[in-house]
Amino acid sequence: MKALAIAGANLRRFVRDRSNAFFVFVLPIGIVLLIGAQFGGDFSPKVGVVAGGTEVGASVRAGLDAEPDVAVVDYADEDALLAAIERGIASAGVVVPTGADAALAAGEVAEIGFIARPDGLGPQLEAVVAEVVAKSSQEVDAARYVAGLGIDQAAAVAAAAAAVDQVPDISVSVVTAGDSLFPESLGQFDIGASSQLVLFMFLTGLSGSAAIIQTRKLGVATRMLGTPTSVRTIVAGEALGRFAIVLTQGIYILIATVLLFQVNWGDPFGVAIVMLAFAAVGAGAALLMGTLFANDQQAGGVGVVAGIGLAAIGGSMLPLELFGDTMRQIANFTPHAWANEAFSDLVRREGTIADVLPEVAVLIAFAVGFLLLATWRMRRVLTVR
């Protein structure tokens, strides 16, 4: 009962601090929104088209629009298209001259311009555009060939049109070997939601070390020891308070992202056990930091740096799948990596609670280790003079 009373006092202190409302409830959702807007959703490159009011331009545009991995944007003139490419709004552009139809009808060459930056997707898009233009000019090329045989121009065009329709399409099959890192079913905010949940749960836990230090500095913990209260009871109460706060934030982020961004978290039982384990890690880390520093200013500064640094190493800034072998091994020394890996199993690989049990076991080991060290340190700082 004493441990619950200590935990309740921590919760009341947390609620009374109005600054927590922003850092715990507003900031995480804002960052999830920012990451989803910047890196989530459709990654199709944009190709601008200046059709010039010609049939050839319309044919090229339709061909590009039929490409599944290209987004087509219309521009009024070449200057507007060039400005969009310079600013990175469009990846490349196609310019069809206004006299293209007349030139082709007269048997002349119509030059179709292609614009792209020297970096980025320019070379790849150039190949796509060249293929579309070649396909759009098939009928014209065939008509020229037939007309070269001495056949009337109108008859040559009709024969070419009939021949083009009879040419069979080339079928290309693309097979992905192994599992895709980021499946197509993944939502725009699904990656950022889980990684930011891990980041902020741990940061919130570390920020609680300031309250633990204040309890020591004000002599509250020492007075509790003067009553029939053991160090273990004090540690248990402080841990329960931090655990409840960290878990509350995790549940809030989960519910908010589901309601606002339709994030699919996967197996609810798997998510629940991972969150419980990581909340225990955050509570244990807070207790340990609360016994290592002499004042709350030191703990606050180190806590922010440690929280963000461990999150970066552990895959909360960049997905672990993109890490090299060496960095992946280093990441495994952080609890964040195991939590992020567990959420990857649930969100991206559609795993179940059985798939995340190894990661949960490691997280529990982290939590137990932090709590044991915190208990030892708390006994020293409270009893050794």
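Residues numbered from 1 in each chain as written. Predicted model: local features only at pLDDT ≥ 70, side-chain atom pairs only at ≥ 80, totals over all residues. Heavy atoms only, no water.

Engineer: What's the story with the overall build of the protein in this structure? I'm lost.
Structural biologist: Within the protein, the secondary structure is distributed over 17 helices and four strands. Put simply, of all contacts in the protein between residues at least 6 apart along the chain, 76% involve residues at least 24 apart. Just so you have it, the protein exposes about 20,500 Å², and 63% of that area is on carbon and sulfur atoms. (Helix = DSSP H or I, 4+ residues; strand = E, 2+ residues; numbered from the N terminus. Contact = heavy atoms within 4.5 Å. Areas by Shrake-Rupley, 256 points an atom, 1.4 Å probe, with all protein chains shown as cover.)

Engineer: Can you walk me through a nonpolar patch on the surface in this structure?
Structural biologist: On the surface, I251, I255, V258, L259 and L260 cluster together to form a nonpolar patch covering roughly 460 Å² of accessible area. Position of L259 among the secondary structure elements: in helix α12 (residues 231–261). (Patch = residues over 30% accessible without salt bridge, like charges linked within 9 Å, V, L, I, M, F, W, Y side chains within 5 Å. Salt bridge = Lys/Arg side-chain N within 4 Å of Asp/Glu carboxyl O.)

Engineer: Would you mind showing me how to read the sheet that holds strand β4 (residues 113–116) here?
Structural biologist: Sheet strands pair via backbone hydrogen bonds, and the direction of the pair is either parallel or antiparallel. Read across the sheet, four strands follow the order β2-β1-β3-β4 without closing on themselves; strand pairing throughout is mixed. What marks the edges here is a single partner per strand, and that holds for β2 (71–74) and β4. The average undirected angle you get between the axes of adjacent strands in this sheet is 25 degrees. Pairing geometry for strand β1 (residues 46–50) and β2, over four bridges, is parallel. Bridge assignment links V49 to a residue of β2, and that residue is D74. In the packing of helix α3 (residues 55–65) onto the sheet, contacts are made with β1, β2 and β3 (92–95), and the angle to β2 comes to roughly 150 degrees. On the sheet, helix α4 (residues 78–86) packs against β1, β3 and β4 and is oriented at approximately 170 degrees with respect to β3. (Pairing = 2+ DSSP bridges. Axes fitted to C-alpha atoms, helices over the stretch in contact; angles between N-to-C directions.)

Engineer: What am I meant to see in helix α16 (residues 335–347) here?
Structural biologist: For α16, built from 13 residues, the straight-helix expectation of 18 Å at 1.5 Å per residue is met to within 8% by its first-to-last C-alpha distance of 18 Å. Turning to α16, its buried residues number three or more, namely P335, H336, A337, A339, N340, E341, A342, F343, S344, D345, L346 and V347. (Expected span 1.5 Å × (residues − 1). Buried < 20%, exposed > 50% of the residue type's maximum accessible area, 1.4 Å probe, protein only.)

Engineer: Please explain the nonpolar core as it appears in this structure.
Structural biologist: What tends to happen in soluble globular proteins is that the nonpolar side chains get buried as a cluster. Grouped together as the largest cluster of nonpolar side chains are 50 residues, with contacts concentrated most on L197, W265, V274, F278, V281 and F343. For this core, the secondary structure elements donating two or more residues are α2 (19–39), α9 (190–207), α10 (209–217), α12, α13 (268–292), α14 (296–313), α16 and α17 (357–383). Per-element accounting of this core gives the leading share, eleven residues, to α13. Excluding its chain neighbours within four sequence positions, the residues that come into contact with W265 are A193, S194, L197, L254, T257, V258, V271, F343, L346 and V347. Residues V49, V60, V96 and A100 belong to the second largest nonpolar core, which totals 14 residues. (Core = buried A, V, L, I, M, F, W, Y, C linked by side-chain atoms within 4.5 Å.)

Engineer: I tried to follow α4 on my own but got confused; where do I start?
Structural biologist: Given 3.6 residues per helical turn, the α-helix brings residues three or four places apart onto the same face. Listed in full, the buried residues belonging to α4 are L81, A84 and I85. End-on view of α4: buried residues confined to an arc of 100 degrees, all on one side of the axis. Counted as exposed and oriented over 90 degrees from the buried face of α4: D79 and E86. Where α4 is buried, its residues meet β1, β3 and β4. With a side-chain oxygen lying 3.2 Å from the backbone nitrogen of D79, the N-terminal cap of α4 falls on D77. (Arc of directions from axis to C-beta. Polar contact = N/O pair within 3.5 Å; in protein donor to acceptor, adjacent residues only side chain to side chain.)

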